[in-house]
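Working through the structure, step by step
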Amino acid sequence: METRLYFVAGDIVNNAAVGALVGLLLSLLVGPGWPMIVAMIIGMVLGMIIALPFAFGLSALFGAMETMLPVMTTGMVAGMAVTMSASMNETSIAGGAEMGAISGLGVFAATYIFNAFVKPRAAKWTK
Amino acid sequence: MDEVTRRKWDRAAANFELMAGYGPEKRWEPYKRELFSNMGDGEILFLALGTGLDLPVFPEGKSITAIDISQKMIDEAAPRVDAYNGNIRTQQADVHEMPFEDNQFDQVFTSCTFCSVPNPVQGLEAIKRVLKPGGDLFMFEHTGSRFFPFRQMMNLMTVVTKRLGPDMNRTTVENVVAAGYDLKKVTHVYMDVVKTIHAIPV
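Per chain, residues are indexed from 1 in the order of the written sequence. Going through the entries in the order they are written, you letter the chains from A and number the ligands from 1. This being a predicted model, a pLDDT of at least 70 is required before a residue's local features are given, and a value of 80 or more before pairs of side-chain atoms are given or counted; all residues contribute to the totals for chains, interfaces and linings. Water and hydrogen atoms were dropped before computing side-chain values, which therefore reflect all heavy atoms in the structure.

It is worth spelling out the overall build of chain A at this point. Across its full length, chain A carries 5 helices and 0 strands. Each helix corresponds to a stretch of at least 4 residues labelled H or I by DSSP, and each strand to a stretch of at least 2 residues labelled E; elements are numbered beginning at the N terminus. Tracing chain A from N to C terminus, the helices and strands come up as α-α-α-α-α. By its C-alpha atoms, chain A is 50 × 30 × 20 Å across when sized along the principal axes. The buried label goes to any residue with under 20% of its type's maximum accessible area, the exposed label to any with over 50%, and the partly exposed label to all in between, with areas taken from a 1.4 Å probe on protein chains only. Within chain A, buried positions represent 53% of all 127 residues. Here the analysis covers contacts within chain A between residues at least 6 apart in sequence; of these, 79% occur between residues at least 24 apart. For the accessible areas, the method is Shrake-Rupley and the probe is 1.4 Å, while residue cover comes only from the protein chains on display. As displayed, chain A offers around 5500 Å² of accessible surface, 79% of which is attributable to carbon and sulfur atoms. Counting rule applied: Lys, Arg positive; Asp, Glu negative; His and chain ends not counted. Every charge is mapped to an atom, namely NZ of Lys, CZ of Arg, CG of Asp or CD of Glu. Averaging the locations of the 5 positively and 5 negatively charged side chains of chain A gives two centres separated by 23 Å. The contact rule is simple, with two residues in contact once any of their heavy atoms fall within 4.5 Å.

All names here are of chain A. Position of Ser87 relative to the elements: it lies in helix H3 (residues 64–88). Residue Ser87 is classed as buried on the basis of its relative accessible area of 8%. Taking the C-alpha atoms as reference, Ser87 lies 19 Å from Ala101; in sequence the two are 14 residues apart. When sequence neighbours within four positions are dropped, the list of residues in contact with Ser87 reads Val30, Gly31, Pro32, Gly33, Trp34, Met36 and Ala39. Polar side-chain contacts of Ser87 include one of 2.8 Å to the backbone oxygen of Met84. Polar contacts, as used here, are pairs of N or O atoms within 3.5 Å; protein pairs need one atom able to donate a hydrogen and one able to accept it. Residues neighboring in sequence count only if both atoms are side-chain atoms.

Bringing the interface of chain B and chain A into the picture now. On the chain A side, the residues contacting the 33 residues of chain B number 33 residues. What counts as a salt bridge is simple: a side-chain nitrogen of Lys or Arg found within 4 Å of a carboxyl oxygen of Asp or Glu. Counting across the chain B and chain A interface gives 2 salt bridges. We note a salt bridge from Arg27(B) to Glu2(A), for which the minimum N-O separation is 3.5 Å. Applying the counting criterion to the chain B and chain A interface returns 9 residue pairs in polar contact (both at pLDDT 80 or more). Taken together, the elements giving at least two residues each to the side of chain B that touches chain A come down to helix H2 (16–20), helix H3 (23–36), helix H6 (150–164) and strand E6 (181–190) of chain B.

The N-to-C vectors of H3(A) and H3(B) enclose an angle of 110 degrees; their axes lie 7 Å apart at closest approach. By the criterion of interaxial angle, the relationship of H3(A) to H3(B) is roughly perpendicular. The segment H3(A) lies against H3(B), with Ala64(A), Glu66(A) and Thr67(A) engaging Pro24(B), Arg27(B) and Trp28(B). Of the residues assigned to the contact of H3(A) with H3(B), the class counts are 3 nonpolar, 1 polar and 2 charged. Note on geometry: axes are lines fitted to C-alpha atoms, helical ones only across the stretch in contact, with angles between N-to-C directions running from 0 to 180 degrees. Roughly parallel refers to an angle under 35 degrees, roughly antiparallel to one over 145, roughly perpendicular to one between 65 and 115, and oblique to any angle outside these ranges. Classification convention: Asp, Glu, Lys, Arg as charged; Ala, Val, Leu, Ile, Met, Phe, Trp, Tyr, Cys, Pro as nonpolar; all other residues, Gly among them, as polar.

Moving on: the packing of aromatic side chains. Centres within 6.5 Å are what make two rings of Phe, Tyr or Trp a pair, Trp counting through its six-membered ring; a difference in plane orientation under 30 degrees is then read as stacked, over 60 as edge-to-face, and the rest as tilted. Taken as a whole and assessed by the stated rule, the structure comprises 15 aromatic pairs over all chains. Taken together, a centroid distance of 6.2 Å and an interplanar angle of 90 degrees make the contact between Tyr6(A) and Tyr22(B) edge-to-face. Here Tyr6(A) is found in helix H1 (residues 5–29), whereas its partner Tyr22(B) is found in the loop between H2 and H3 on a different chain. Judged by relative accessible area, which is 36%, Tyr6(A) ranks as partly exposed. Given a relative accessible area of 39%, Tyr22(B) falls into the partly exposed group. Note on Trp9(B) and Phe16(B): the rings are 6.2 Å apart at their centroids and 70 degrees apart in plane angle, and the pair reads as edge-to-face. Take Phe16(B): its relative accessible area is 23%, and that puts it in the partly exposed class. Each member of the aromatic cluster is reached from another via a ring pair, and the members are Phe36(B), Phe46(B), Phe58(B), Tyr84(B), Phe109(B) and Phe138(B). Only when the NZ of Lys or the CZ of Arg is both within 6 Å of the ring centre and within 35 degrees of the ring normal is a charge said to sit over the ring. A cation over a ring is seen here: Lys32(B) above Phe140(B), with NZ or CZ 5.3 Å from the ring centre.

Let us now look at the packing of helix H2 (residues 36–62) of chain A against H6(B). Axis separation between H2(A) and H6(B) bottoms out at 12 Å; the angle between their running directions is 65 degrees. When you trace H2(A) past H6(B), the crossing you get is right-handed. Together, Met48(A), Leu52(A) and Phe56(A) of H2(A) and Met153(B), Met157(B), Val160(B) and Thr161(B) of H6(B) make up the contact between the two elements. Tallied by class, the residues present in the contact of H2(A) with H6(B) amount to 6 nonpolar, 1 polar and no charged. Note on convention: the crossing is left-handed when the near helix lies turned anticlockwise from the far helix by less than a right angle, right-handed when the turn is clockwise.

What follows deals with the side chain of Gln107(B). Position of Gln107(B) relative to the elements: it lies in strand E4 (residues 105–111). A distance of 2.7 Å separates a polar atom in the side chain of Gln107(B) from the backbone nitrogen of Gly40(B).

As structure tokens, then:
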């Protein structure tokens, strides 16, 4: 597991910030009355598309795959969560950004845990 | 020589380190240093040289032939080649048709190479030809993932990245086996995506 402060802090901030941006933008797009499933699918796709340039750009500072994959996942999850919420209830821009940031922090934690799970099991998938 | 690939990396050479020079290298440095510590005293082939980002973590005093398909990459690498405390000979070459004799090298090292080789199994077979029987192939590579949603994301990203540089969804471990190597050890650096591979020709 990554323990260097620069990278851990970078991973936290990157995911929270990209999640907040995705949440902010999609809370402007989706409102009550949207079919929830349609809103979630659009949110997932748009979230990933919004996150894509940040995934590439931030990787130059914080590592390639270690940045791209969580940030793209954050885009997807934040997009899905915010559009689901916004399709059911009026969601403010700040509320969308907050929900996106929380999604990003959740993805950060999930990817660290997933990485810790996967790494020791490499051998059995390659023999 | 594959001219499409050569031109792609010639175009990428001037700005290559903007994307790859800091974050990825810092993040992967401990793992690369450990991999390259396996360099022995025999003749070593290293590919692809790129702008020489890996050279500062090479052990000193080795005899290395370093190739890249892009002469512009090799030119960018010149200061790091000059700074290396050992013997590095650089040469522009395509991995598919390397101008080396059979069984010439004791060890071959690759670093983020087989994300970009157009025909990876053919390239790995070409390495097998120049590697002495019982010689070592050590690789530091990123690959695709077997897991949702990363697999799908990397397929999506590859649509963009393959025009400018590497593919993100290669199956390099499987390619190594398909090219006729015996896997000795695969170590995952990040998820199942970034890994080191040690293999020997069967």
